[in-house]
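# A closer look at the structure
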Amino acid sequence: MKARGVEGLDPSGPMRENAARIVGVRAAELFELAERAIAESDQTALHDSRIAAKRLRYVLEVTAFCFDPDAVEIARKMRELQDLLGELHDCDVLVPRVEAHIAQLRTADALAAAAAQPGPGELEWDAIDKAPNSGAYAGLARLELYVAARRARLYGDFVAFWESLGRDAFLERVERATGTASHSRRRDLGNRSIA
Amino acid sequence: MAGARKIEGLRPDETFADAARSIVAIRAREVLEQREKLARNADAEAVHDVRVACRRLRAVLEIFEPCFESKAHRQALRAVKQLATQLGARRDLDVHRELLARLAAVMPAADRIGVDSLIAALDADAVTADAEVEAAIESTSGDRLASVLAHAEGAVKS
C-alpha cells in the first residue's frame, strides 16, 4: 500500500512541525483503514491497517522526542496492533498454503492409486487407502479449520483492541500528543465557517 | 534482534534536514551491520534481523524523503526494498514453519502426519528461498550497498 503524501513538509523547517504533519497524516490513514476494516469486513483494509500501523509506529519511534511522552506510549500500542494484525495476516497466508498442499498430495495420490490398479474394472477403495499420503488428509483438514478459527479469534482481538484505543478518540489522542489539537480545532472551525 | 539504536542529541527545533542526516546515517549503518552478520551466518534470525533493519531504514527514508535529492533517494530506497524482498520468501517460510511446529507439538498424534508433510514441503521450498538469500548476499557484497547508502546520506539538501 502506497503511503498517502504529506503536504507542506519543509527540509529547512523545524523537525517538530514536520514530524507533527507526518504523524497526523499517518494516524488519519490508520483510522480510516481500521474503521473500514471493521465496518465493511474489508480484508484488504485490514491488511493495509497493519501497514498503516507500522508506518505510524516507525514515524513515532523516530520523532517521539519532539512530542508529549504519550507519543512513546502510542508507538508501543502501534507495535502491539502491528503484531496482532501480523499474526492475523500469517493465518490468511497459511490457509491457501495448506489448501495448495492438500491439492498437491491429492494429485500425487490419485496418480499412485491409479497406477496401483491398472487395467479394466472399477477402482478398488483399497487403492485409495493405500495411497502414500492417505494418512495426511484428516490432520491437514483439521489444521485448516484450526487456522481459520485462530484467525477469527484474532479478528475479534483486533476489534477489541481498536475499541480500547477509543476509535474516534484515537485521533484526538494523537493530536494532543503532537500538540496539534488546537490547530485541528481551528482548522475545523475554519472549514465550518467557509461552509 | 536488538532494538533500533538510540540516536542521541536530536532536538525538536533542529531542521528536518539535519535530523534526516543523523537518523538516516545510523539506520543505514544498522542495515550494513546486519547484512554482514547474514553473510557470516545466514540463519533464520539473521534473515529476520536484516529485514527489520531494512524496514527501519526504509521508514526513515520515506519520512525524510523531501530532504533528499530525488535520484539518490530513489536509488537507496530501491536497494533497501530489493534486499528485503530477496529475503522475504525465506522469512515467510520460517514464520510458517515456526507456527506449524508450535501447533504440531500440541496436536493429537494422528493429525501430526499431515502437518509433518506440510513442514517437509516447506523445507523443500526453503532450498529455492535459500538461493534467493545467497543472491541477496551476493548483490550487496563489497561496497555496492554501502556506496548507494553513503551516496544518499551525502545527498541531503542543506
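Throughout what follows, the structure given in this document is the object of discussion. (Residues numbered from 1 in each chain as written. Chains lettered and ligands numbered in written order. Predicted model: local features only at pLDDT ≥ 70, side-chain atom pairs only at ≥ 80, totals over all residues. Heavy atoms only, no water.)

## So, helix α3 (residues 70-106) of chain B
Note the cut-off: A helix here means a DSSP run of H or I that spans at least four residues, while a strand means a run of E at least two residues long, and both kinds are numbered starting from the N terminus. Multiply 1.5 Å by the residue count of a helix minus one, and that product is the helix's expected span. Bending is quantified residue by residue as the angle between axes fitted to the seven-residue window ending at that residue and the seven-residue window starting at it.
In this model α3(B) runs 52 Å from its N-terminal to its C-terminal C-alpha over 37 residues, within 8% of the 54 Å that 1.5 Å per residue would give. The largest bend in α3(B) is about 40°, located at Gly88(B).

## A look at the interface of chain A and chain B
Under the convention used in this document: Contacts between residues were defined by any pair of non-hydrogen atoms, one from each residue, lying within 4.5 Å. By buried area we mean the combined loss of accessible area, with a 1.4 Å probe, across both parts when two parts are placed together. Salt-bridge detection follows one rule: a side-chain nitrogen of Lys or Arg within 4 Å of a carboxyl oxygen of Asp or Glu. Here a polar contact is taken to be a pair of N or O atoms separated by no more than 3.5 Å, where protein atoms must pair a possible hydrogen donor with a possible acceptor and residues adjacent in sequence count only if both atoms sit in side chains. Amino acids outside the nonpolar list (Ala, Val, Leu, Ile, Met, Phe, Trp, Tyr, Cys, Pro) and the charged list (Asp, Glu, Lys, Arg) are all regarded as polar, and Gly is one of them.
Each side of the interface is counted separately: chain A has 34 residues, and chain B has 37 residues. Interface area for chain A against chain B, summed over the two sides, is near 2,900 Å², with a carbon-plus-sulfur share of 71%. It is Pro11(A), Tyr58(A) and Arg97(A) in chain A that bury the most area against chain B; as a group they hold 21% of the surface buried on that side. Between the two partners, chain A and chain B, sit two salt bridges. Arg97(A) serves as the salt-bridge partner of Asp125(B), at 3.6 Å between the closest nitrogen and oxygen. At the junction of chain A with chain B, the criterion picks out 11 residue pairs in polar contact (both at pLDDT 80 or more). Among the secondary structure elements, those contributing two or more residues to the side of chain A that touches chain B are α1 (15-39), α2 (43-63), α3 (70-116) and α5 (137-164) of chain A. Its residues placed into classes, the side of chain A that touches chain B shows 19 nonpolar, six polar and nine charged.

## Some words on the packing of aromatic side chains
Residue and element names in this part refer to chain A. In plain terms, the rule: Pairing of aromatic side chains requires ring centres within 6.5 Å, counting the rings of Phe and Tyr and the six-membered ring of Trp. Pairs whose planes differ by under 30 degrees are stacked, by over 60 edge-to-face, and all others tilted. Buried, partly exposed and exposed residues are distinguished by accessible area as a fraction of the type maximum, computed with a 1.4 Å probe on protein chains only: under 20%, between the cut-offs, and over 50%, respectively.
Summed over all chains, the structure comprises four aromatic pairs over all chains. When the ring of Trp162 is compared with that of Phe170, the centres are 5.3 Å apart and the planes differ by 55°; the resulting orientation is tilted. As far as the burial class goes, Trp162 and Phe170 line up, both buried.

## Some points on the pattern of salt bridges
Taken as a whole, this structure holds 23 salt bridges over all chains when the rule is applied. Across the pair Arg26(A) and Glu29(A) runs a salt bridge whose closest N-O atoms are separated by 3.0 Å. Separated by three residues within a single helix, Arg26(A) and Glu29(A) lie in helix α1, roughly one turn from each other. Of the two residues, Arg26(A) and Glu29(A), both sit in the buried class. The closest approach of N and O atoms between Arg27(B) and Glu30(B), which form a salt bridge, is 3.1 Å. Placement of the pair is Arg27(B) and Glu30(B) together in helix α1 (residues 16-40), with a separation of three residues, close to one helical turn. Residue Arg27(B) is classed as buried on the basis of its relative accessible area of 7%.

All we've got here are geometric facts, nothing functional implied.
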